[in-house]
Amino acid sequence: MLVNSNTFNIKSTITDDWGGSHRLVLDLEALSSVEDWKFEISLPNNYQIDQIYSGQVTQEGGKTYISGVNWNESLNQGDNTEIVLIIDEGNSSAQDPIATQFIFADSTNSTPINSNLITNSQIVEDWYGGYKLEVEITAESQANDWRLNFDLPYDISAIYGAELINHGNGSYSIDGLNNQVNLYQGQSIKPIFIIQDGGNQAIAPSFSNLNTETPKTVVNKVENEVITTDEIISPDNNNNDNIINVDYEFGGNLESAIAAANDGDIVQLGGNIYYTDGITIDKDITLQGQTGSVINGRNTLKPIVNLSSGASGATIQNLEITNGDTGIYGYSVFDLTLQNLNINNIGLNKTIRDGQNNTGIVLNRANGLKLLDSSISDVSRKGVGVNDTDGALISGLSIQNVNLTAQHSQSFDAAGIKFFNT
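Q: Please clarify how the overall build of the chain should be interpreted in this entry.
A: Assigned secondary structure in the chain consists of three helices and 33 strands. When burial is assessed residue by residue, the chain has 49% of its 422 residues classed as buried. Of the contacts made within the chain by residues no fewer than 6 positions apart, 62% connect residues no fewer than 24 positions apart. Here the chain displays about 19000 Å² of accessible surface, and carbon together with sulfur accounts for 42% of that area.

Structure representation (structure tokens):
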């Protein structure tokens with residue numbers, strides 16, 4: 001069936017740009033049960049789909065459709081599936097990739113939908129000479145390539161989590177940034193503005209949707225800067241909660257946010273998918289997710305999360321880790337807390353039986369470990385391996401769908417959970 005926007009969510013992300021082609025990842029969510037689903041895809045001129053994974057492409061009546069394959073062609077409410085497209089850009093390779101448009105059954109054309117954005121503005125800090133404004137933007141329906149207009153009689157010195165266009169004379173617009181150019185139904189983001197008011201009254205502006213027939217003319221972009229919390233709060237406010245927001249302060253770049261963190265900081269993820277070829281944590285920090293937070297390894301052959309001894313005392317909690325050779329690997333990391341994690345799809349893309357590969361969690365010398373209230377599933381060799389460790393606590397752990405027949409040079413190495421010298 002040709003799905004509509006009330007039964008299907010699509011979140012698209014360009015994860016790799018190779019000049020003449022790019023990789024597009026589609027994260028699909030079924031808002032209700034759907035069978036034999038398909039949706040129309042509208043590609044820019046000269047573009048064509050070169051390869052597709054976990055889905056299939058069909059042509060009907062001069063239109064292009066994406067549908068599932070035998071294992072994901074029918075979805076229950078709440079089910080998610082991921083489809084990867086490799087798109088050839090033809091003679092447009094000298095330009096940045098153009099976002100692909102999707103057309104649902106209730107769509108009349110591929111015009112971006114911007115009429116159902118709800119905004120809620122709040123002044124969260126106010127000091128003499130300026131203030132900090134937080135704007136929550138929620139999409140009531142799919143909003144592709146969205147823009148919001150507003151008027152403000154003050155200068156905006158910085159913005160985090162969106163792109164600002166200054167049209168002059170107090171007229172501004174904001175666009176989505178990175179993986180938030182398109183918002184799916186129900187998605188919320190919270191851009192933060194730093195505004196200079198010269199000692200006048202702080203104002204929370206009213207936002208209006210862009211007329212979709214109006215071309216986006218970019219004027220005087222305010223570039224995002226990486227600044228510390230101390231630089232944006234009131235000079236009289238010395239409270240620093242040490243929270244680093246990946247989306248607002250680093251535009252969704254998880255690696256940069258972790259690199260900027262210091263011991264004791266909290267690196268806060270949004271309800272988004274963060275693609276990586278492997279991140280390293282070498283500090284005593286908290287990597288804290290929320291509902292919808294996913295770290296996707298893109299089939300990396302490295303550990304998705306690698307912990308060095310400098311990460312002793314660190315905490316990783318409330319997120320999903322998926323799609324790589326190994327979920328979490330740590331060596332000489334003491335007093336580590338792993339809590340409320342969902343680790344899945346590990347080692348399924350490539351079989352590497354030697355060493356400590358194809359495993360959900362591998363920890364060597366992890367004294368004081370706390371592994372709590374987590375699930376590990378769909379692993380090609382071993383759910384958890386804990387080696388040379390004293391004083392660990394493991395509680396509330398669920399392990400499912402592990403290939404216990406996996407061959408290895410060590411006897412009995414495939415396991416749901418294996419303790420060695422521990």
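Q: Help me understand the sheet that holds strand E2 (residues 21-30) in this model?
A: Strand pairing within a sheet occurs via backbone hydrogen bonds; the two strands may be parallel or antiparallel. Within the open sheet, the four strands sit side by side as E1-E2-E9-E5. Their pairing is antiparallel. The sheet is open, and its two borders are formed by strand E1 (8-17) and strand E5 (48-53), each paired with just one other strand. Along the sheet, successive strands turn relative to each other by an average axial angle of 25°, direction set aside.

Q: What is the right way to look at the packing of aromatic side chains in this model?
A: The geometry of an aromatic ring pair is captured by the separation of the ring centres together with the interplanar angle, meaning the angle of the planes. Within the structure shown, the criterion is met by six aromatic pairs. Ring geometry for Tyr-131 against Tyr-154: centres 6.4 Å apart, planes inclined by 80°, an arrangement best described as edge-to-face. With Tyr-131 in strand E12 (residues 130-139) and Tyr-154 in the loop between strand E13 (147-151) and strand E14 (155-160), this pair connects stretches of sequence that are 23 residues apart. Here Tyr-131 and Tyr-154 have matching classes, each one buried. Ring centres 6.5 Å apart and planes at 50° place the aromatic pair Phe-193 and Phe-207 in the tilted group. Of this pair, Phe-193 sits in strand E18 (residues 192-196) while Phe-207 sits in the loop between E18 and strand E19 (208-209), placing them 14 residues apart in sequence.

Q: Explain the pattern of salt bridges here, please?
A: Scanning the model with the defined rule gives seven salt bridges in all. Across the salt bridge formed by Asp-413 and Arg-381, the nearest N and O atoms sit 2.4 Å from each other. Here Asp-413, found in the loop between strand E32 (393-402) and strand E33 (415-420), pairs with Arg-381, found in the loop between strand E30 (370-379) and strand E31 (382-387); they are 32 residues apart in sequence, far enough to count as distant. When sorted by exposure, Asp-413 lands in the same class as Arg-381, which is buried. Linking Lys-382 and Asp-413 is a salt bridge whose minimum nitrogen-to-oxygen distance equals 3.3 Å. On the criterion of sequence distance, the pair formed by Lys-382 in strand E31 and Asp-413 in the loop between E32 and E33 is long-range, its members being 31 residues apart. With respect to class, Lys-382 is no different from Asp-413; both count as buried. Each of the salt bridges in this network shares a partner with another, and the network as a whole consists of Arg-381, Lys-382, Asp-413 and Lys-418.

Q: Looking at this structure, I do not really get the environment of Gly-168. What am I missing?
A: If you trace the backbone, Gly-168 turns up in strand E15 (residues 163-168). For Gly-168, a relative accessible area of 27% corresponds to the partly exposed category. Here the alpha-carbon distance between Gly-168 and Asp-151, two residues 17 residues apart in the chain, equals 9.8 Å.

Q: Explain the nonpolar core to me, please; I cannot follow it from the model alone.
A: Nonpolar side chains in soluble globular proteins tend to end up buried together. Of all hydrophobic cores here, the largest spans 40 residues; its most connected members are Leu-254, Leu-287 and Leu-338. Apart from the residues within four sequence positions on either side, Leu-287 is in contact with Leu-254, Ile-258, Val-267, Leu-269, Ile-279, Ile-281, Ile-295, Thr-315, Ile-316, Gln-317 and Leu-319. Among the nonpolar cores identified, the runner-up in size contains 24 residues, and Val-135, Ile-159, Leu-183 and Phe-193 belong to it.

Q: Sorry, what's going on with the confidence of the model for the chain here?
A: Caution applies to low-pLDDT regions: their predicted coordinates should not be interpreted in detail. Averaged over every residue, the pLDDT of the chain is 82; residues scoring 70 or more account for 86%. Mean pLDDT values for the elements of the chain range from 34 in helix H1 (residues 229-232) up to 96 in strand E28 (residues 337-346). The low-confidence segment residues 107-114 (pLDDT under 50) makes 19 contacts with residues lying over four places distant or belonging to another chain.

Q: Would you mind showing me how to read the side chain of Asn-357 here?
A: Looking at the element boundaries, Asn-357 is found in the loop between E28 and strand E29 (359-364). Discounting chain neighbours no more than four positions away, the residues touching Asn-357 are Asp-325, Thr-326, Ile-352 and Arg-381.

Q: What is the right way to look at unusual backbone geometry in this model?
A: In terms of backbone geometry, most residues other than glycine have negative phi values and most peptide bonds are trans. Although it is not a glycine, Asp-36 adopts a positive phi angle of roughly 45°. Mapped onto the elements of the fold, Asp-36 is located in the loop between strand E3 (34-35) and strand E4 (38-42). For Asp-36, a relative accessible area of 48% gives the class partly exposed. Unlike most non-glycine residues, Asn-340 shows phi in positive territory, near 55°. With respect to the secondary-structure elements, Asn-340 resides in strand E28. Judged by relative accessible area, which is 40%, Asn-340 ranks as partly exposed.

Q: Would you explain the side chain of Gln-180 in this entry?
A: Position of Gln-180 among the secondary structure elements: in the loop between strand E16 (171-175) and strand E17 (188-189). On the accessibility criterion, Gln-180 (6% relative accessible area) is buried. For Gln-180, the residues in contact, after removing those within four places along its chain, are Trp-146, Gly-161, Gln-187, Ile-189, Asp-247 and Asn-272.

Q: Would you explain the environment of Gln-317 in this entry?
A: In this structure, Gln-317 sits in strand E27 (residues 315-331). Placed 22 residues apart in sequence, Gln-317 and Gln-339 show a C-alpha to C-alpha distance of 4.7 Å.

Q: Would you explain the environment of Asn-9 in this entry?
A: Among the structural elements, Asn-9 can be located in strand E1. The class of Asn-9 is buried, set by a relative accessible area of 4%. Sequence-wise, Asn-9 and Tyr-184 are 175 residues apart; in three dimensions their C-alpha atoms are separated by 6.1 Å. Leave out the neighbours within four places in its chain, and Asn-9 touches Asp-27, Leu-28, Glu-29, Leu-31, Tyr-184 and Gln-185.

Each value, and the rule that gives it
Residue positions are counted from 1 within each chain, in the order its sequence is given. With pLDDT at 70 or above as the cut-off, local features in this predicted model cover only qualifying residues; side-chain atom pairs require 80 or more to be listed or tallied, and sums for whole chains, interfaces and linings still use all residues. Note: side-chain values were computed over all heavy atoms of the structure, leaving out hydrogens and water. The helix count covers DSSP runs of H or I at least four residues long, the strand count covers runs of E at least two residues long, and both are numbered beginning at the N terminus. Think of it in three bands: with a 1.4 Å probe and only protein chains considered, a residue is buried below 20% of the maximum accessible area for its type, exposed above 50%, and partly exposed in between. Residues are treated as being in contact if the distance between any of their heavy atoms lies within 4.5 Å. Here, Shrake-Rupley sampling with a 1.4 Å probe gives the accessible areas, and only protein chains in the shown set may cover a residue. When DSSP finds at least two bridges between two strands, those strands are taken to pair. Each axis is a line fitted through C-alpha atoms, and for a helix only the stretch in contact is used; angles between axes span 0 to 180 degrees, taken between their N-to-C directions. Within 6.5 Å between ring centres, the rings of Phe, Tyr and Trp (the latter by its six-membered ring) count as paired, and their orientation is classed by plane angle as stacked under 30 degrees, edge-to-face over 60, tilted in between. What counts as a salt bridge is simple: a side-chain nitrogen of Lys or Arg found within 4 Å of a carboxyl oxygen of Asp or Glu. For this analysis, a nonpolar core means a set of buried residues of the types Ala, Val, Leu, Ile, Met, Phe, Trp, Tyr and Cys, connected via side-chain atoms within 4.5 Å. One confidence number per residue, pLDDT, is output by the predictor and ranges from 0 to 100.

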